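Residue-level structural notes
In case you want the letters, here they are:
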Amino acid sequence: MTDKFDRFAAELAAMRPRALPTSLVDRIDADLAAAPEPSRWPDRFLLSAIASGAIAACVIVAVLLKPISQTFPSPPPVLATMPPAGSDLPRAGDFSLAVARAETPSLGL
Amino acid sequence: MHDRDTDHWQQWLDRHGPALLLFARQWSATPADAEDAVQDGFVRFWRTREAARDLLPYLYTCVRSAAMDLGRGQRRRMRREQTTDRREASAFEFPAEQREREAAIEVALSQLPGDQREVVVMKIWGGLTFAEIGEALGVSLSTAASRYRYALTRLEQELSAEVSP
C-alpha cells in the first residue's frame, strides 16, 4: 500500500457512517426479547445419538472380531481306543455275538 | 477472535451498527431495506453466534445474507416504503464544510462494483482485517486485498476526474 493509498483511506475513514435510527434499535430489541434463544437440546440430542451409534458400532465390531472357538468352546475330542489284546474288557461286537449265541439252539442238545 | 467477551447485544450494535448499516446499503435498494437487513441479520447473528468461529466476520455474513434475502422479497420493501417516511438519502454524517467532497466520495463509492464496494466498507468503516473480510465473503485474503486495492484506485480516479476541469 502506498502513502497515497493510506492518505485516501484515512480520508475515507474520517467520514462517519450515519448512526442507527432509534427505531431500528427498538425493533432489534423487540425481536430479541420476543423469541428466546433457541434451545440447545436438539444439538445435545444429536450428539448423544451419534455417541450411542458409535458405541453400538464398537460393540458389534468387537463381537464380530472375537474368535468363534472362544465363543463356543468345542468339547474335547473322543478317541476310540481298542482294549489291548487279551484283556477281559468287552470288545466291540461282543454283545451282539453273545445275543446270537443265546438265541441259536444248540444242535448237540 | 476479538469481541468474544462483549456479550451484550447493545454493545455490539453500538460498536458495529453504523458500519453494518452502511454495509447493508450496498446490497439494498432503499435505506428502509438496509435497516431491515441489519435488523434481520443482527438478530440472526445474535441467536446463532455460539456456532461462529470468528464473530465479527460472522456478523457481516449474517447481515449480507439478510440483505440478499430481503432483496428477493420485493413485497416487504413496497410495504415498508408505504408505511415509513423517507429518510435522508446520504449514508454519512457530513460536516457542513466538507459536504461537497464527501458527497462526491459517496457517489463514487456507490458506483463501484458490488464486490469491491463491500470490501471497502468492511475494511475502512468496519475495521475488519483482510483475513476477516475473506472469511466473511468466502474469498481468500489476497482476493480481498486486491479488491480493496482496485476499489481505492478506482475511487481516486473517479474523484480526480471530477475535480479536474
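Read on for an overview of the structure. (Residues numbered from 1 in each chain as written. Chains lettered and ligands numbered in written order. Predicted model: local features only at pLDDT ≥ 70, side-chain atom pairs only at ≥ 80, totals over all residues. Heavy atoms only, no water.)

Turning next to the overall build of chain A. Scanning chain A from N- to C-terminus turns up five helices and one strand. If you list the helices and strands of chain A from N to C, you get α-β-α-α-α-α. Per-residue burial for chain A yields a buried fraction of 11% across its 109 residues. (Helix = DSSP H or I, 4+ residues; strand = E, 2+ residues; numbered from the N terminus. Buried < 20%, exposed > 50% of the residue type's maximum accessible area, 1.4 Å probe, protein only.)

In this section: the pattern of salt bridges. All told, the structure shown has six salt bridges over all chains when counted by the stated rule. The salt bridge involving R27 of chain A is made with E35 of chain B; its shortest N-O contact spans 3.6 Å. On the criterion of chain membership, the pair formed by R27 of chain A in helix α2 (residues 22-34) and E35 of chain B in helix α2 (residues 31-48) is interchain, its members lying in two chains. Accessibility expressed as a relative area gives 2% for E35 of chain B, which makes it buried. The shortest N-O distance in the salt bridge between D36 of chain B and R27 of chain A comes to 2.6 Å. Residue D36 of chain B is found in helix α2, and its partner R27 of chain A is found in helix α2; the two belong to separate chains. (Salt bridge = Lys/Arg side-chain N within 4 Å of Asp/Glu carboxyl O.)

Residues and elements named next belong to chain B. For helix α7 (residues 130-137), a buried count of six out of eight residues is recorded, marking the element as mostly surrounded by other parts of the structure. Buried residues of α7: F130, E132, I133, G134, A136 and L137, and no others. One or two steps after α7, the chain reaches G138, where phi turns positive at roughly 75°.

Now for the packing of helix α1 (residues 9-25) of chain B against helix α3 (residues 55-72) of chain B. Residues and elements named next belong to chain B. With their axes 11 Å apart at the nearest point, α1 and α3 run at an angle of 40° to one another. Considered as vectors, α1 and α3 are oriented oblique to each other. In this structure, α1 meets α3 at a crossing whose hand is right-handed. Across from W12, H16, A19, L20, F23 and A24 in α1, the residues of α3 making contact are L55, L56, L59, Y60, V63, R64 and A67. Of the residues that constitute the contact of α1 with α3, the class distribution is eleven nonpolar, one polar and one charged. (Axes fitted to C-alpha atoms, helices over the stretch in contact; angles between N-to-C directions. Parallel < 35°, antiparallel > 145°, perpendicular 65-115°, else oblique. Left-handed = near helix turned anticlockwise from the far one by under 90°. Contact = heavy atoms within 4.5 Å. Nonpolar A, V, L, I, M, F, W, Y, C, P; charged D, E, K, R; others polar.)

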